[in-house]
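Observations on the three-dimensional arrangement
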Amino acid sequence: MRPNMIIEEFTIKDAKVTLRTPSMDDLINLTMLINSLVSEKAQIAFTQKVTLESEREWLTHHIASLEQNKSISIIAEINNELIASSDMQIQPDGEMGIIGIIVKKNFRNIGIGTHMLKVVIAQANQRGIKRLRLHVLATNNTAIHTYVALGFIETQRIANQHFRDNRYIDEIIMERTI
């Protein structure tokens, strides 16, 4: 896939959502998205804000991986505002993909993340990926419910993996076959 390629457009709650691949032009907006999630103490693995330079390194590597068909990456926009990002890193065996997804606070629980995951799953299927894996904090019940509805099951639990708000939280690994 090439950067900045539109994958799909759909409407949710009278808003047109554009799904496309990321490009280097998204650097600042991706940095702002992840940092907004860190600031709100969202149920994600990140607890520290990322720097523009570290995000530039990640995005440069990520776009190269996308161009080499070693990953799938989708961002969601509404009115040119970046509101979500999902990616899947294809493992060296070519049979497993590891998925990550983040959605901006005011755009959760309306179906955008679920739709993005369905697109990632469909693209993984087209590429012959056999298994999908994702990691989620055990306290993120909304995400877990969504993943279960999409066919993921808990395959492993890592006790006390994350320390948040003066307590330890388990990390759950979920998988599904395609």
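An account of the accompanying structure is given in this report. The written sequence of each chain sets the order in which its residues are numbered from 1. A pLDDT threshold of at least 70 governs which residues receive local features in this predicted model, and a stricter bar of 80 or more applies before side-chain atom pairs are shown or counted, although totals over entire chains, interfaces and linings include all residues. Side-chain measures here rest on the full set of heavy atoms in the structure, leaving out hydrogens and waters.

A short note on the pattern of salt bridges
Filter applied, for reference: Each salt bridge in this description consists of a side-chain nitrogen of Lys or Arg and a carboxyl oxygen of Asp or Glu lying within 4 Å of one another. Secondary structure elements follow DSSP: runs of H or I of four or more residues count as helices, runs of E of two or more count as strands, with numbering from the N terminus.
Inspection of every chain in the model, using the stated rule, returns eleven salt bridges. The salt bridge partner of Lys-104 is Glu-81, with a shortest N-O separation of 2.7 Å. Residue Lys-104 is located in the loop between β5 (96-103) and α3 (112-126), and its partner Glu-81 is located in strand β4 (residues 81-90); the two are separated by 23 residues in the primary sequence. A salt bridge links Glu-154 to Arg-157; the shortest N-O distance between them is 3.2 Å.

Points about the layout of surface pockets
By rolling a water-sized probe across the atoms, one finds the places where empty space is left. We count it as follows: The distinction between a cavity and a pocket rests on a 1 Å grid over the protein atoms alone: a 1.4 Å probe fits inside a cavity but cannot get out, while a pocket stays open yet meets protein on both sides within 12 Å along at least five of seven lines, and a residue with an atom within 4 Å of a point counts as lining. Grid points are joined across faces, edges and corners, and a volume is the space filled by probe spheres set on the points. Three categories are distinguished: nonpolar for Ala, Val, Leu, Ile, Met, Phe, Trp, Tyr, Cys and Pro, charged for Asp, Glu, Lys and Arg, and polar for the others, with Gly belonging to the last.
Considered as a void within the structure, the largest pocket measures approximately 1,300 Å³ in volume. Lining the largest pocket are 45 residues, with Ile-44, Gly-100, Ile-101, Ile-102 and Tyr-147 positioned closest to its centre. Contributions of two or more residues to the lining of the largest pocket are made by α1 (27-39), α2 (52-67), β4, β5, α3, β6 (131-137) and α4 (141-149). The greatest single-element share of the lining of the largest pocket, amounting to six residues, is contributed by β5. For the lining of the largest pocket, the class distribution of residues is 23 nonpolar, 18 polar and four charged. Surrounding the second largest pocket, 13 residues form its lining, Lys-41, Ala-42, Thr-47, Arg-164 and Asp-165 being those nearest its centre.

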